[in-house]
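# Fold and contact review
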Amino acid sequence: MNRRLLQLPVSGRAAFQGGELVCAVFVDLHPWLTTSTGARPSLSERAHGSGREQDGERVRARLVIQHMDDTANVTWAGQTFEMARRTSSPGSMVRKTAALSEGLGLPATQAVLVDF
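Everything quoted here is computed from the prediction, not taken from an experiment.

### Looking at the side chain of threonine 75
Inspection of the secondary structure assignment puts threonine 75 in strand S5 (residues 75-76). Other than its neighbours up to four places away in sequence, threonine 75 contacts Arg62, Leu63, Val64 and Thr80.

Shown next, in the form of structure tokens:
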């Protein structure tokens, strides 16, 4: 992992199965509030290294919230679980693929799950 990534306001966890990396989740801990101004910070750090983890494209699911102090409009992989907004289903799950070499593209106060 890149040393610069370790200095950013990001928390990450990885899951392994049989000694192999299965998935990792990254959370940008920079607080982006309704009172925040300017451009929203976004982590665009690229993964470096070698091995299976670097090869090809990976599936990503995102936790999206506009502001840290919002009380509504939170989605996980495009789905909402807010009963006031739901009609009959939480919506379609949205999982996109992208190469890790393109960077995480993780806005402040959001999270991303990467499958390997």
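Resuming the write-up.
### A word on the layout of surface pockets
Quantified by volume, the second largest pocket comes out at close to 180 Å³. Contributing to the lining of the second largest pocket are Arg60, Arg62, Val64, Thr75, Ala77, Gly78, Val94, Lys96 and Ala98. When residues of the lining of the second largest pocket are traced back to their parent elements, those giving at least two are strand S4 (57-64) and strand S6 (96-99). Counting residues per element, the lining of the second largest pocket draws most heavily on S4, which supplies three residues.

### What about the pairing of S4?
Relative to S6, S4 runs antiparallel, the two being bridged by four bridges. The partner of glutamate 57 across the bridge, within S6, is alanine 99. Pairing between S4 and strand S8 (residues 111-115): four bridges, direction antiparallel. Opposite alanine 61, over in S8, you have leucine 113 as the bridge partner. Relative to S5, S4 runs antiparallel, the two being bridged by two bridges. Following the sheet pairing, valine 64 is matched in S5 by threonine 75.

### Examining the environment of alanine 14
Looking at where alanine 14 falls in the secondary structure, it is placed in strand S1 (residues 10-17). A relative accessible area of 47% places alanine 14 in the partly exposed class. Between the alpha carbons of alanine 14 and phenylalanine 26 there is a distance of 8.9 Å; along the sequence they are 12 residues apart. The contact partners of alanine 14, leaving out residues within four places of it in the chain, are Leu21, Cys23 and Ala24.

### Details of unusual backbone geometry
A positive phi angle is found at alanine 77, which is not glycine, with a value near 50 degrees. If you trace the backbone, alanine 77 turns up in the loop between S5 and S6. At threonine 109, a residue that is not glycine, the phi angle is positive and equals roughly 70 degrees. Within the secondary structure, threonine 109 sits in the loop between strand S7 (106-107) and S8. Since its relative accessible area comes to 13%, threonine 109 is described here as buried.

Analysis parameters
The numbering scheme is per chain: residues are counted from 1 as the chain's sequence reads. In keeping with the model being predicted, local features are shown solely for residues with a pLDDT of at least 70 and side-chain atom pairs are shown and tallied solely at 80 or more, while totals for entire chains, interfaces and linings include all residues. Think of the side-chain values as coming from all heavy atoms in the structure, minus any hydrogens and water. Numbering of helices and strands runs from the N terminus; a helix is a DSSP stretch of H or I covering at least four residues, while a strand is a stretch of E covering at least two. Only heavy atoms enter the contact rule, under which two residues are in contact if any of them lie within 4.5 Å. Grid points spaced at 1 Å and placed over the protein atoms alone form the basis of the search, with a cavity being a set where a 1.4 Å probe fits but cannot get out and a pocket an open set showing protein on both sides within 12 Å along at least five of seven lines. Lining residues have an atom within 4 Å of a point. Grid points are joined across faces, edges and corners, and a volume is the space filled by probe spheres set on the points. The pairing criterion for strands is at least two bridges between them, as found by DSSP. Burial classes follow relative accessibility: with a 1.4 Å probe on protein chains only, a residue under 20% of its type's maximum area counts as buried, one over 50% as exposed, and anything between as partly exposed.

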